[in-house]
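One-letter residues, chain by chain:
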Amino acid sequence: MTLVSDAMLFAARAHDGMLRKGTGIPYILHPGEVAAIAATLTDDQEILAAALLHDVMEDCGVGEKELAERFGSRVAQLVRSETQERGGDPGETWLSRKQGAVMRIAQGDRAVKIIALSDKLSNMRAIHRDYDRHGERLFFRFHQHDKALHAWYYRSIAALLEGELGNTDAWCELSEHIAYVFADVPSGMQPSDEA
């Protein structure tokens, strides 16, 4: 079995029964889409495996040691780079978790950036689709209800990725979704520490 096939089966078992937030869509379709986007940017099998596994530590309680033993230390480290620490009320910790994610992406290598771009593009496709259906109510399905903070988060990540991946179709599509969904949010907004 190839590394990617093994990662796909592992992720499917780990996310079994989970749904995308506020929808009836099986969660496993998201990591599959993330890996498919990543495959347009690289043929590195470890990056593609990590794309499939990118949420298993954060959402399924899988340990980094278990991932390293099964898929190798690089895959485990790439998954760790996409993992936001849990703890406390998710609404109250949203900003610090997102600031940590932005920092990890800023410090990450090309592999980290490919997975981040793929994940955020998959998320923004879903947000755009559901924004067209539900309008501003969409943001009440998330732990953070402030649309301006979501705009800050996605714009910050897109800006960080532009230097290395801005010439890719994936980055251009991400930028288009961000521009559409957050058109009414002024650029340059920075979150306050009280958010």
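Rules used throughout
Residues numbered from 1 in each chain as written. Predicted model: local features only at pLDDT ≥ 70, side-chain atom pairs only at ≥ 80, totals over all residues. Heavy atoms only, no water. Core = buried A, V, L, I, M, F, W, Y, C linked by side-chain atoms within 4.5 Å. Buried < 20%, exposed > 50% of the residue type's maximum accessible area, 1.4 Å probe, protein only. Contact = heavy atoms within 4.5 Å. Axes fitted to C-alpha atoms, helices over the stretch in contact; angles between N-to-C directions. Helix = DSSP H or I, 4+ residues; strand = E, 2+ residues; numbered from the N terminus. Parallel < 35°, antiparallel > 145°, perpendicular 65-115°, else oblique. Left-handed = near helix turned anticlockwise from the far one by under 90°. Polar contact = N/O pair within 3.5 Å; in protein donor to acceptor, adjacent residues only side chain to side chain. Phe/Tyr/Trp six-rings, centres within 6.5 Å; stacked < 30°, edge-to-face > 60°.

K.L.:
How should the nonpolar core be read in this particular structure?
P.N.:
Side chains of a nonpolar character, in soluble globular proteins, are inclined to be buried together. Core analysis: the biggest nonpolar cluster contains 60 residues, and L53, L67, L117, M124, Y153 and F182 have the highest contact counts within it. Residues within four places of M124 in sequence aside, it is in contact with Y154, L174, H177, I178, V181 and F182.

K.L.:
Whenever I open this one, the packing of helix α2 (residues 29-38) against helix α3 (residues 45-53) confuses me. Can you help?
P.N.:
Two numbers describe a pair of packed helices, the interaxial angle and the distance between the axes. Orientation of α2 relative to α3, taken along the N-to-C sense of each, is 155°, at an axis distance of 7 Å. Here α3 runs roughly antiparallel to α2, going by the angle between their axes. In terms of crossing hand, the pair formed by α2 and α3 is right-handed. When α2 is examined against α3, the residues P31, G32, V34, A35 and A38 are found in contact with a partner set consisting of L48, A51 and L52.

K.L.:
Explain the side chain of K147 to me, please; I cannot follow it from the model alone.
P.N.:
Checked against the element boundaries, K147 lands in helix α9 (residues 147-165). For K147, a relative accessible area of 8% gives the class buried. Within the structure, the side chain of K147 is placed 3.0 Å from the side chain of E136, a separation counted as a polar contact. Each residue touching K147, except ones within four places of it in the same chain, is listed here: Y131, E136, F139, V181, F182, D184 and V185.

K.L.:
Teacher, can you tell me more about the packing of aromatic side chains here?
P.N.:
We describe a pair of aromatic rings using the distance from one ring centre to the other and the angle between the two ring planes. All told, the structure shown has 9 aromatic pairs when counted by the stated rule. With a centroid separation of 5.2 Å and 70° between ring planes, the pair formed by Y153 and Y154 is classed as edge-to-face. On the basis of relative accessible area, Y154 is assigned to the buried category, the value being 7%. Note on Y154 and F182: the rings are 6.4 Å apart at their centroids and 20° apart in plane angle, and the pair reads as stacked.

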